[in-house]
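Report on the structure
Each chain is listed here by its residues.
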Amino acid sequence: MAIAGVILAGGLARRMGGGDKPLRLLAGKPILGHVIARLQPQVSALAINANGDPGRLDAFGLPIVEDTMPEYQGPLAGTLAGLLWARNACPGVTHLQTMPGDTPFLPSDLVARLDAARGRAGALIAQAESDGKLHPVVSLWPLELTEPLEAALMAGMRRVREFQSHYSVAIEAFAFDGIDPFHNVNTPEDLAEAERLATRFMAAG
């Protein structure tokens, strides 16, 4: 498989009161653990993008890649860190799947479907959609965009959607069957809703 993955877990979690949001427990284990379990079988290599002390994530047994840009510049900087890691540490990889670290219900066929959508459209990037909502951070990126992304960040760009607007993007829609496959846990209310949904989601596999 020529696709690696990076989980973007470097956010400041302001709406959750700060701290490591992906380490909050959901159904008895960290949210990040759910994301890893869903994404890892879909890629050839997987890393976590996080800043600060990497030791707090040792239990997950994955490479930790820090932002290469100064200060905290959001998911676009995390994407760059992932692209650099994939290019330098994953021989033969041509694409990188990015995923927020707070999205525990992601589809088990996410990467295959985004890759197929990219191929059908002849697009550089593929992006997920659910219930009419685009998810720019849930995207499949070619490693060839590493340098253009670094240049854009150095020029002050911060929004994923703004960067993607300069390139061809294939959109793949995923079914919303009572559970948003890209439900992300931004607030305590989101976490409570995820707890409510978790039993049904896990039963469905």
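Residues numbered from 1 in each chain as written. Predicted model: local features only at pLDDT ≥ 70, side-chain atom pairs only at ≥ 80, totals over all residues. Heavy atoms only, no water.

It is worth spelling out the environment of glycine 132 at this point. By the element assignment, glycine 132 lies in the loop between β7 (125-130) and β8 (133-142). Judged by its relative accessible area of 66%, glycine 132 falls in the exposed class. The spacing of glycine 132 and alanine 175 is 43 residues in sequence and 9.9 Å in space, taken between C-alpha atoms. (Helix = DSSP H or I, 4+ residues; strand = E, 2+ residues; numbered from the N terminus. Buried < 20%, exposed > 50% of the residue type's maximum accessible area, 1.4 Å probe, protein only.)

As summarised here, the arrangement of the seven strands in space is β5-β4-β1-β6-β8-β7-β9, forming an open sheet in which the pairing is mixed. A single partner strand is all that each edge strand has here, and the edge strands are β5 (64-65) and β9 (169-174). Pairing of strand β4 (residues 46-49) with β5 involves two bridges; the strand directions are parallel. Following the sheet pairing, asparagine 49 is matched in β5 by valine 65. Each of β1 (3-8), β4, β5, β6 (95-100) and β8 is contacted by helix α2 (residues 75-89), which is oriented at about 145° to β1, the strand it contacts most. Contacting β1, β6, β7, β8 and β9, helix α3 (residues 110-121) crosses the sheet at an angle of about 140° to β9. (Pairing = 2+ DSSP bridges. Contact = heavy atoms within 4.5 Å. Axes fitted to C-alpha atoms, helices over the stretch in contact; angles between N-to-C directions.)

Of all hydrophobic cores here, the largest spans 27 residues; its most connected members are Ile48 and Leu110. For this core, the secondary structure elements donating two or more residues are β1, α1 (31-39), β4, α3, β7, β8 and β9. For leucine 110, the residues in contact, after removing those within four places along its chain, are Gln42, Gln97, Met99, Ala128, Val138, Phe174 and Phe182. Counting residues in each nonpolar core, the second largest holds 26 residues, with Leu8, Leu84, Cys90 and Leu145 among its members. (Core = buried A, V, L, I, M, F, W, Y, C linked by side-chain atoms within 4.5 Å.)

Attention now goes to unusual backbone geometry. Despite not being glycine, alanine 27 has its phi angle at roughly 50°, a positive value. Along the chain, alanine 27 falls in the loop between β2 (25-26) and β3 (29-30). A positive phi is found at aspartate 131, a non-glycine position, where the angle reads about 55°. Its place among the elements puts aspartate 131 in the loop between β7 and β8. Aspartate 131 sits in the exposed class, given a relative accessible area of 58%.

Our next topic: the confidence of the model for the chain. Of all residues in the chain, 92% have pLDDT values of 70 or greater, and the mean over the chain is 91. This model gives residues 12-17 a pLDDT under 50, and the stretch forms 16 contacts once residues within four places in sequence are excluded. (pLDDT = per-residue confidence, 0-100.)

As a further point, take the pattern of salt bridges. Pairing between side chains of opposite charge can happen when the charged atoms of each approach one another. The full count for this structure, using the stated rule, is seven salt bridges. One salt bridge in this structure joins glutamate 193 and arginine 196, with 2.7 Å as the shortest N-O distance. Taken together, the residues span about one helical turn, with glutamate 193 and arginine 196 both in helix α6 (residues 188-204) at a distance of three residues. For arginine 196, a relative accessible area of 53% gives the class exposed. Each member of the salt-bridge network shares a partner with another, and the members are Asp109, Arg113, Arg120 and Glu172. (Salt bridge = Lys/Arg side-chain N within 4 Å of Asp/Glu carboxyl O.)

Turning to α2, a few remarks are in order. End to end, α2 covers 20 Å across 15 residues, agreeing with the expected 21 Å (1.5 Å per residue, within 8%). Burial analysis of α2 places eleven of its 15 residues in the buried class, the great majority of the element. Among the residues of α2, those classed as buried are Leu76, Ala77, Gly78, Thr79, Leu80, Ala81, Gly82, Leu83, Leu84, Trp85 and Ala86. (Expected span 1.5 Å × (residues − 1).)

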